[in-house]
Amino acid sequence: MNFFRGVISGQAAGPQPSGAETIQKLCDRVASSTLLEDRRDAVRALKSLSKKYRMEVGTQAMDHLINILQTDRSDSEILGYALDTLYNVICNDEEEEQDESEDENAQKQADDLGLQFTDTFVQDPEHVTLLLTLLEEFDFHVRWPGVKLLTALLKNQGPQIQGIILVSPMGVSRLMDLLADSREVIRNDGLLLLQQLTKSNAAIQKIVAFENAFERLLDIITEEGSSDGGIVVEDCLLLLLNLLKNNSSNQNFFKEGSYIQRMKPWFEVGDDNSGWSAQKVTNLHLMLQLVRVMVSPVNSPGATASCQKSMFQCGLLQQLCTILMATGVPADILTETINTVSEVIRGSQVNQDYFASVNAPSNPPRPAIVVLLMSMVNERQPFVLRCAVLYCFQCFLYKNQKGQGEIVATLLPSTIDANSISAGQLLCGGLFSADSLSNWCAAVALAHALQDNLTQKEQLLRVQLATSLGKPPVSLLQQCTNILSQGSKVQTRVGLLMLLCTWISNCPIAVTHFLHNQENVPFLTAQISENLGEDERLVQGLCALLLGICIYYNDNSLENYTKEKLKQLIEKRIGKENFVEKLCFITKHELYSRAAQKPQPVFPSPEQMLFDHEFTKLVKELEGVITKAVHKSSEEEKKEEEVKKTLEQHDNIVTQYKELIREQDAQLQELKEQVACMTSQNEQLQATITQQQSQILQHKDQYNILKLKLAKENQGQSNSQGDGSQVNGLQTEELTQLREEVEELRKQHSLLQTQLGDKDALISSLKSGAAQTAEGPAGGSDDTELLQELEALRSQVQSQSTEIGQLKMERQDLLRRAEVGCSDTLPSSDSSLDAAKMAELESRLGAQTSEMERLKAEVKNLSESRAELEKRLDSTTSTVAILQTEKEKLQTDVQESKKEQDDLLMLLADQDQKITNLKKRLKELGETVEDEDDLDTRDQTDDDDEEDEDED
């Protein structure tokens, strides 16, 4: 213990030991001491010496310190000392602070020392796993040093540590628990740890995201004050950028989790924007970058469009436009906001329309596009701001033909308003100003208004400019060539040449207008044929491209400048090889390769701002075809044109046949649907008939039972004719029963009539459906079955009518018997019966007689109803026969249509053979037919599918 106190307090008796000797003694004490207190004091002493004697402590004590972490898990204090010592040895931060004033060699040596000790520590992956286990300790003196040590390891050997953590069970989950720690120091250092952990590792990024990282980080940002927060907000935003950048899975999870909506409050700025702190500027800058990550042009188009839609619906785009038009916003924030708005509206028609409707808070109000263009053509504005405005204008016009038309319309004579400044006026002003950067930006912006829009290219030919008083106006196309021929700066000429190439490409009318000026072609040939410096070679290449476009898209409407004459001119004055060499120089330029990488115009200096991203696509598309067009002879061109015309004719014929086949397929599909509907209706009708048959059987059984009852009652009447009162009572009972039976028969008759009406309705619907379909043999068999079932039903109704007649005869016989009984009873009665009794019997007999008459009338009505039902059955039978005839006719039509389709398919096969022969002729002539093979393959596949469907 005295030894440790001497080391710590600095007291020494005798000669002082060296640092290495002291560390060696401490390491021996750590390894050999049995008391925990002795080992703790030794580790504490090593910690105090670890910064001054970093090399010695790391070399001699690392194994002992790792052993302490493994064996003394129960003592948090010694664990904390060991972790702090390892951190001091491995981390380079302290050395960086001390070596700021020293030379680079000393700094590099310190960094190498940290890497060396890191490699030693991670030689055994179990050491990292042990460190992850220690992070589960809640004790502050263990958890905080453990977080710092793991962060230092990730800084020095990130990929290796990431691999170990990735395969460790619950490794990432343990680190995510740091964000939930109530101690802000540990939580904040946990953010730094996760930043290092998620760098360039998509697998870990996905795991962290699905551990609810987005929810936790957004909660921390809100708690810390959003953009007004401190360094913690910055750390959270950096971690979010790590998780989302170039990770489509996490981006989709962020969008689906409705986290985009939670970003809107970040951009709520007040009216007073003065006094922005540096931390707020940094935070807001990172927030804008986070929005741009979600809608970056490098993302998949579907994911970008979905995020753009969400940002508009939740009001985020509107909030960004508010910042865009606000006053007092710092320049770098304004620039980044413009870039962010650009990518939020790029390619989204809804967002582009909204942006076009945004007005600046000025008097009078002006569109935001006009205000931004005023900044772009103002040479006093910062360079990065002007580049951002150009990018915003390009994104506004990207795949937006409506916006392109609105911009070009501001240049046309019929829409110019002298009292207001329009976008077209600003572009023309910038195109012809003295500032070369304004010339370039205006030319590129105007080229984007013409991109892939033939209508606007033709409309722009109508624009007339007044150059000076007393002189007639000249067209915009002519003015551009005039300025080009005056020999202005390289940047101006490059911008004008890009505008002209974009303008006349794929527009024969514009080519004719350009060639109509007799000075243009001699100027281009003179520029290409001269031997100039390195800077001028780019201009020569663009002139060659412009002349090549005049050849390729020439419709030979000008006799002096046909394709053949222009090629002869190139061969005589320039030479074909020299022309192609100058043309290919464009794609070899360093700035061309840089501009082709991404749409945003990012340049280190204004002088390097020469190429536009969309123009690089145009050059790549036209370079090969122009080279071929220059080398082709007139005979080859004629043959190629003939072949093209023939192919176009064949394509038109094939297209017509395809449309006809599609129409027939649609008709067949409709007929199939109608057949399915008829089949379902037929099934319903069969079910109804089955139900009616069961009801008829029930009625027949009931009738048999009633018949037996009547027979028994008649037998009883014949055996009992003694007393008049008994006869009258029996007759009353029989009449009552007969009345009930007739009533029941009437109900059954009405039920049958209702069911027959339902069947008539079904048959009517069947008739209307069959009039529009062409059913096959199966449909005819169904109708035959239906006719048979209807005939059976009619026979059953007739049998029931017969049974009703039998009942009527039996009732009449019963009445006759009753009258005979009365006549036999009255003479044998005693003469002492008084007149009152006789009168009563006569009244009862009269009532019964009237009741019998009423029943007769009802039976007569039932007979008439039965006759009407028979007539309706006959009508139904004739209707079904008509339907069957119509179906047979439709079946014949379908067979004829199928034969026509077979003939068309044979004709298509002949046409395909002709096209194949023509392609072979083209290939024999040395020509390449682009994309035709793929088209033929798809057509053949479609024809095969259609034949399979016809056979089915």
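Residues numbered from 1 in each chain as written. Predicted model: local features only at pLDDT ≥ 70, side-chain atom pairs only at ≥ 80, totals over all residues. Heavy atoms only, no water.

**Q** In this structure, what is going on with the overall build of the protein chain? I would like to understand it.
**A** A count of helices and strands for the protein chain gives 41 helices and four strands. Taking all 952 residues of the protein chain together, 47% fall into the buried category. Across the protein chain, every contact between residues at least 6 apart in sequence was considered, and the portion connecting residues at least 24 apart equals 74%. Element-wise, carbon and sulfur atoms account for 50% of the exposed surface of the protein chain, whose accessible area totals about 47200 Å². (Helix = DSSP H or I, 4+ residues; strand = E, 2+ residues; numbered from the N terminus. Buried < 20%, exposed > 50% of the residue type's maximum accessible area, 1.4 Å probe, protein only. Contact = heavy atoms within 4.5 Å. Areas by Shrake-Rupley, 256 points an atom, 1.4 Å probe, with all protein chains shown as cover.)

**Q** What exactly am I supposed to notice about the packing of helix α5 (residues 76–90) against helix α9 (residues 140–156) here?
**A** For any two helices packed against each other, one specifies the inter-axial angle together with the distance between the axes. The N-to-C vectors of α5 and α9 enclose an angle of 25°; their axes lie 8 Å apart at closest approach. One element, α5, and the other, α9, form an angle in the roughly parallel class. Here the hand of the crossing between α5 and α9 comes out left-handed. Along its contact with α5, which presents Ser-76, Leu-79, Gly-80, Leu-83, Asp-84, Leu-86, Tyr-87 and Ile-90, the element α9 presents His-141, Val-142, Pro-145, Gly-146, Lys-148, Leu-149, Ala-152, Leu-153 and Asn-156. Across the contact of α5 with α9, the residue classes tally to 10 nonpolar, five polar and two charged. (Axes fitted to C-alpha atoms, helices over the stretch in contact; angles between N-to-C directions. Parallel < 35°, antiparallel > 145°, perpendicular 65-115°, else oblique. Left-handed = near helix turned anticlockwise from the far one by under 90°. Nonpolar A, V, L, I, M, F, W, Y, C, P; charged D, E, K, R; others polar.)

**Q** Explain the environment of Arg-44 to me, please; I cannot follow it from the model alone.
**A** Tracing the backbone shows Arg-44 in helix α3 (residues 36–49). Separated by 33 residues in the primary sequence, Arg-44 and Glu-77 have C-alpha atoms spaced 9.4 Å apart. Not counting residues within four places of it along the chain, the set of residues in contact with Arg-44 comprises Glu-77 and Tyr-81.

**Q** What is the right way to look at the pattern of salt bridges in this model?
**A** It is possible for side chains of opposite charge to pair when their charged atoms get near one another. Tallied over the entire structure, the rule returns 21 salt bridges. A salt bridge links Asp-228 to Lys-280; its shortest N-O distance comes to 3.4 Å. Pair noted here: Asp-228 is in the loop between α14 (213–223) and α15 (231–244) and Lys-280 is in helix α17 (residues 278–294), with a separation of 52 residues, a long-range link. Between Lys-255 and Glu-256 there is a salt bridge, with its nearest N and O atoms 2.7 Å apart. Owing to a relative accessible area of 14%, Lys-255 belongs among the buried residues under this scheme. Its relative accessible area of 52% is what places Glu-256 among the exposed residues. One network of salt bridges, in which partners are shared, links Arg-40, Asp-41, Arg-44, Asp-75 and Glu-77. (Salt bridge = Lys/Arg side-chain N within 4 Å of Asp/Glu carboxyl O.)

**Q** What is the right way to read a negative patch on the surface from this model?
**A** On the surface, Asp-893, Glu-896, Glu-900, Asp-902 and Asp-903 cluster together into a negatively charged patch. Mapped onto the secondary structure, Asp-893 falls in helix α40 (residues 835–924). (Patch = residues over 30% accessible without salt bridge, like charges linked within 9 Å, V, L, I, M, F, W, Y side chains within 5 Å. Lys, Arg positive; Asp, Glu negative; His and termini not counted. Charge placed at Lys NZ, Arg CZ, Asp CG, Glu CD.)

**Q** Help me understand helix α13 (residues 202–210), please; the structure alone is not making it clear to me.
**A** Residues lying three or four places apart along an α-helix face the same way, a consequence of the helix completing one turn every 3.6 residues. Those residues of α13 that fall on the buried side of the exposure criterion are Ile-204, Gln-205, Val-208 and Ala-209. Buried positions in α13, seen along its axis, are confined to an arc of 135° and lie on one side of it. Of the surrounding elements, those touching the buried residues of α13 are α10 (158–167), α11 (171–176), α12 (184–197), α14, α15 and α16 (248–256). A distance of 3.3 Å separates the backbone nitrogen of Ala-203 from a side-chain oxygen at the start of α13, and that oxygen is part of Asn-201. Positive backbone phi, approximately 70°, marks Asn-212, located one or two places after α13. (Arc of directions from axis to C-beta. Polar contact = N/O pair within 3.5 Å; in protein donor to acceptor, adjacent residues only side chain to side chain.)

**Q** Help me understand the packing of aromatic side chains, please; the structure alone is not making it clear to me.
**A** The description of an aromatic ring pair rests on the distance of the ring centres and on the angle between the ring planes. The final tally for this structure, using the stated rule, is 11 aromatic pairs. Where Trp-440 meets Phe-603, the ring centres are 6.2 Å apart and the plane angle is 85°; that geometry is what we call edge-to-face. With Trp-440 in helix α26 (residues 436–450) and Phe-603 in the loop between α35 (590–595) and α36 (613–631), this pair connects stretches of sequence that are 163 residues apart. Residue Trp-440 shares its accessibility class with Phe-603, and that shared class is buried. Between Tyr-552 and Tyr-553, the aromatic rings sit 4.9 Å apart at their centres with planes inclined by 85°, giving edge-to-face as the arrangement. On the accessibility criterion, Tyr-553 (16% relative accessible area) is buried. Put simply, the rings of Phe-210, Phe-214, Phe-253, Phe-254 and Tyr-259 pair up and form one aromatic cluster. It is Lys-148 that lies over the ring of Trp-144; its NZ or CZ is 4.0 Å from the centre. The ring of Tyr-398 has Arg-346 lying over it, and the distance from NZ or CZ to the ring centre is 3.8 Å. (Phe/Tyr/Trp six-rings, centres within 6.5 Å; stacked < 30°, edge-to-face > 60°. Lys NZ or Arg CZ within 6 Å of the ring centre and 35° of its normal.)

**Q** Whenever I open this one, the side chain of His-650 confuses me. Can you help?
**A** Mapped onto the secondary structure, His-650 falls in helix α37 (residues 634–719). Once residues within four sequence positions are removed from consideration, His-650 is found in contact with Gln-911, Lys-914, Ile-915 and Leu-918.

**Q** I tried to follow the packing of helix α24 (residues 401–409) against α26 on my own but got confused; where do I start?
**A** Two elements in contact, α24 and α26, have axes whose closest approach is 8 Å; the angle formed by their N-to-C orientations is 125°. It follows that α24 is oblique to α26 by the angle criterion. The two elements α24 and α26 cross, and the hand of that crossing is left-handed. Here α24 contributes Gln-404, Ile-407 and Val-408 to the contact with α26, which in turn contributes His-448, Ala-449 and Leu-450.

**Q** Help me understand helix α28 (residues 476–485), please; the structure alone is not making it clear to me.
**A** Across the 10 residues of α28, seven count as buried, placing the element largely inside the fold. By the burial criterion, the buried members of α28 are Leu-476, Leu-477, Gln-479, Cys-480, Thr-481, Ile-483 and Leu-484. Taken from the residues just after α28, Gly-487 is the one with a positive phi, measuring 75°.

**Q** Any chance you could explain a nonpolar patch on the surface here in plain terms?
**A** Together, Leu-166, Val-167 and Ile-207 make up a nonpolar patch on the protein surface, roughly 250 Å² of accessible area in all. Along the chain, Leu-166 falls in helix α10.

**Q** Any chance you could explain unusual backbone geometry here in plain terms?
**A** Its identity as a non-glycine residue notwithstanding, Asn-212 has a phi of 70°, on the positive side. Note that Asn-212 resides in the loop between α13 and α14. On the basis of relative accessible area, Asn-212 is assigned to the partly exposed category, the value being 37%. You will see that Asp-452, though not glycine, has its phi angle at about 55°, which is positive. Residue position: Asp-452 is located in the loop between α26 and α27 (454–460).

**Q** Looking at this structure, how should I read the confidence of the model for the protein chain?
**A** A low pLDDT means the predicted coordinates there should not be read in detail. Looking at the protein chain as a whole, its pLDDT mean stands at 81, while 77% of the residues score no less than 70. Low pLDDT, under 50, characterises residues 721–731; the stretch is placed with 15 contacts to residues that sit more than four places away or in other chains. Between residues 773–783, whose pLDDT stays under 50, and residues either more than four places distant or in other chains, the model counts 20 contacts. (pLDDT = per-residue confidence, 0-100.)

**Q** Please explain the side chain of Arg-292 as it appears in this structure.
**A** Mapped onto the fold, Arg-292 is located in helix α17. Polar side-chain contacts of Arg-292 include one of 2.9 Å to the side chain of Glu-343. For Arg-292, the residues in contact, after removing those within four places along its chain, are Glu-336, Asn-339, Thr-340, Glu-343, Tyr-391 and Gln-600.

**Q** I would appreciate a short explanation of the state of the cysteines in the present structure.
**A** Following the criterion strictly, the structure yields zero disulfides and no others. For the unlinked cysteine Cys-501, the closest cysteine sulfur is that of Cys-543, found at 8.4 Å. The class for Cys-501 is buried, based on a relative accessible area of 0%. (Disulfide = S-S within 2.5 Å.)

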